[in-house]
Amino acid sequence: METGRLNPPPSAGEGACEAGGPGQRPARGDDLSGNVAAPLPVAPRPPFPAEGEGRLAIVAGFLLLLLLPPLALWRFVDALPPLDLTQAELRSTVVLDREGRLLRPFATADGRWRLPVTGSQVDPRFLAMLTAYEDRRFATHPGIDPAATLRAAWQWLTAGRIVSGGSTLSMQVARLVEPRAERSLAAKLRQMVRAVQLERRLGKDGVRDLYLALAPYGGPVEGLRAASLAYFGREPARLSFAESALLVALPQAPEARRPDRFPHAARRARDRVLDIAARQGVITPAEAEAARAEPVPTLRKPFPMLAAHAAEAARAADPAAQMVRLTLDGRLQASLETLAAERAAALGPGISAAILAIDNRTGAVLAQVGSPGYLDASRAGAIDMTGAIRSPGSALKPFIYALAFETGLAHPETQLDDRPVRFAGAYAPENFDLGYQGTVTARRALQLSLNVPAVDLLEAVGPARFIARLRAGGARVDLPRDTAPGLPVALGGLGITLTDLARLFSGLARQGLVPNVVRRLDGPPAEAPPEARITEAVAAWYVADTLRGAPPPENALAGRIAYKTGTSYGYRDALAVGFDRRVTIAVWVGRPDGNAVPGLVGRVVAAPILFDAFARFGGEPDPVPMPRDALVTTTAGLPPPLRHIRRDIPKTLSAALGGALKIAYPPDGARIDLGLSEPEPAPSASLALKAFGGVPPLTWMVDGLPVAGGARRQSAWAPEGAGFARISVMDATGASDSVVVRLE
């Protein structure tokens, strides 16, 4: 039997100590039978690196650990889209008055109230509380507060939950600019990156202003300005400590702390802000204690709606504008809106009222009250009655007189007949009181608003000419369809807006020039049309001076303003328009649906509102100044042709017996040699003037200039040189004759 090959015994010490001793495991290479196995091959051991190479590897690994976070952050930032502030910059359209006061805001397209606001428009005490509560180091950090971030991280690690977020105001703005529902480390990192970007782009003031505009306050209310108006009814420029604290606390939980729904939660949050503000020295403990005693508002107030019609029209005309500044005076507007609402309520259900005030110097609209209440459906408040076509009644009579004064047909002291009369077409007007005054001056007839003299004057100047003059003044005049202008237009037989009526009366205060209505202060520059003329300066002053003497309504002082009233047929419209040198105010009262209102008379209903509106405008009335060429005299001091308006009635006995006026010498077309071509013409060279017929005294004129001493049938004129001359003569009845001669 062949035995296995035995390995040689180990050398001294080899494996002895490893296999020696009882209980020791057999040495590697020995089998269990004690035989020595063949040795296993041993891999070569790699050599140890050099000492310098090891250190280099450690440094490289450390640097890699240091660079990995910045590289990851860089990749994260690079993957973010560009910062887009388009949606964040959207604001509610606001309409302001001439001083920048808010008249009416409009909600955004998605129904939010987000009014523009900047830090300069906010109470400094609010800003101090905001930074004390939200971000004490806002002025010094770059958008991220490292101390607050480390504190939040430590609280998270020790508590096992998020105790505080460490968000700065800039990070909160970033969350408002890019709202996201997720709450994760990536979302927080994104806010931090955006916060730094916002600070670099906008600066501290810009970030703060964005927070003031975007901070949520519950429901559709966003931004400090909207919240201040909604909860306190005023701008955030002046806030109490309690109000400031409440507005600081609400954005943290806008729905859970809404004071109109959860007043107790709102109070607790407000008081917490007051405590923090007191600890940080923003307010004193006594001020904090007093602020805690103030109640929390439990109702939201409506947003301002002054000049609702004007604001709506301005927004419709420029829908892209986020801010519209009108010429209105907000304080006067509010006062006149209150006046219109009170008077309309006193007159009964369904009655509306409108008031318009125009600055006579510039044509700017100072107040526009279109109705007693924009939201009052019972009075059709949504209809702007300053732009509605209505009958003016007798309110246009002054312009009939102005046209008669301008054309030389009458003077304020010209006598008119107020007696029953039937005009062409069987038109027989009557006075409002059904009585007659007999013979009165034009001044008195206009002050008493007598109908017969006004129609008599209109017949003399011509209805078509009168309507043309109104339209030339820029007024829209609506006549009954398919009818020519007739005598009834003197008493309101046409349609006109209250705005155009006010413009025409403003022209009387401006020497006959009708202003262009200016409604916006910030609109795009546009070339204004030339101002139209309603009458000449002297005629305008005659009318203004006459209307200043009109009897005032009860409890009003006489001689304060020039004014005229009007009452449309059937008691459908009552109007009153008054003016002085400063302002023109027009008032309309009636039903928007055009139904009759018994007792609706301009002098009784509209005139008291007009005088009250002037009182609210303030200041002393300033009369229209008298022009230099105005003739102030009595009826007896007028030239005979102006003493009486009826041309078909002779002014004197000789007028009834005399023949037609005719120039006897010189004859028309004559060439008369007066030696005027001589080097030295005779100083006594003069032309004899002779006339027959007519009613003396006569008035001789050459080229439109009166001849001195030419009040008789025979006169003389000394020409200044050779040439053509137009010679005219006019008698006491207004009859005239003219010739053209050539002087040599």
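### Describing the sheet that holds strand S2 (residues 102-105)
Phase 1: Reading across the sheet, the three strands line up as S2-S1-S5 and stay open at both edges, with mixed pairing between neighbours. Each of the sheet's edge strands pairs with one partner strand only, and the pair in question is S2 and strand S5 (323-325). Each strand axis lies, on average, 20° off the axis of its neighbour in the sheet, ignoring direction.
Phase 2: Where strand S1 (residues 94-96) and S5 come together, three bridges link them in parallel fashion. Note on S5: the bridge partner recorded for Val-94 is Met-323.

### Remarks on the nonpolar core
Phase 1: One finds Phe-399, Tyr-401, Leu-457, Phe-466, Leu-470, Leu-504 and Phe-579 to be the most contacted residues of the largest nonpolar core, which totals 75 residues.
Phase 2: In this structure Phe-466 touches Leu-396, Phe-399, Ile-400, Leu-403, Leu-458 and Val-489, once residues within four positions along its chain are discounted.
Phase 3: Counting residues in hydrophobic clusters, the runner-up holds 57 residues, among them Tyr-211, Leu-214, Val-221 and Ile-283.

### Side note on the confidence of the model for the protein
Phase 1: Looking at the protein, the pLDDT average stands at 85 and 82% of residues meet or exceed 70.
Phase 2: This stretch, residues 1-37, has a pLDDT under 50; its non-local contacts, to residues over four places away or in other chains, come to 17 contacts.
Phase 3: For the stretch residues 651-656, pLDDT sits under 50, and the model shows eleven contacts to residues farther than four places along the chain or on other chains.

### Quick word on the packing of helix H3 (residues 124-134) against helix H9 (residues 263-279)
Phase 1: At their nearest, the axes of H3 and H9 sit 9 Å apart, and the two run at 90° to each other. Considering the angle they form, H3 stands roughly perpendicular to H9. Contact residues: H3 offers Met-129, Ala-132 and Tyr-133, while H9 offers Arg-272, Val-273, Leu-274, Ile-276 and Ala-277.

### As for the packing of aromatic side chains
Phase 1: If you walk through the whole model with that rule in mind, you get eight aromatic pairs.
Phase 2: Seen in terms of ring centroids, Trp-113 and Phe-303 are 4.4 Å apart; in terms of plane orientation they differ by 25°. Their pairing is stacked. Linking Trp-113 in strand S3 (residues 113-114) with Phe-303 in the loop between helix H10 (285-292) and helix H11 (308-317), this pair joins segments that are 190 residues apart in sequence.
Phase 3: Chaining the aromatic ring pairs together yields one cluster made of Tyr-401, Phe-405, Trp-541 and Tyr-542.
Phase 4: The ring centre of Tyr-374 lies 5.2 Å from the NZ or CZ of Arg-104, which sits over that ring.

### A few points about the sheet that holds strand S22 (residues 736-743)
Phase 1: Taking strand neighbours across the sheet as the criterion, the five strands line up as S16-S22-S21-S18-S19 in an open arrangement whose pairing is mixed. On the outer flanks of this sheet lie strand S16 (671-672) and strand S19 (705-706), each paired with one strand and no other.
Phase 2: Where strand S18 (residues 699-702) lies against strand S21 (residues 723-730), four bridges are found, and the strand directions are antiparallel. Among the inter-strand pairings, Trp-700 is bridged to a residue of S21, identified as Val-729.

Rules and cut-offs
- Residues numbered from 1 in each chain as written.
- Predicted model: local features only at pLDDT ≥ 70, side-chain atom pairs only at ≥ 80, totals over all residues.
- Heavy atoms only, no water.
- Pairing = 2+ DSSP bridges.
- Helix = DSSP H or I, 4+ residues; strand = E, 2+ residues; numbered from the N terminus.
- Axes fitted to C-alpha atoms, helices over the stretch in contact; angles between N-to-C directions.
- Core = buried A, V, L, I, M, F, W, Y, C linked by side-chain atoms within 4.5 Å.
- Buried < 20%, exposed > 50% of the residue type's maximum accessible area, 1.4 Å probe, protein only.
- Contact = heavy atoms within 4.5 Å.
- pLDDT = per-residue confidence, 0-100.
- Parallel < 35°, antiparallel > 145°, perpendicular 65-115°, else oblique.
- Phe/Tyr/Trp six-rings, centres within 6.5 Å; stacked < 30°, edge-to-face > 60°.
- Lys NZ or Arg CZ within 6 Å of the ring centre and 35° of its normal.

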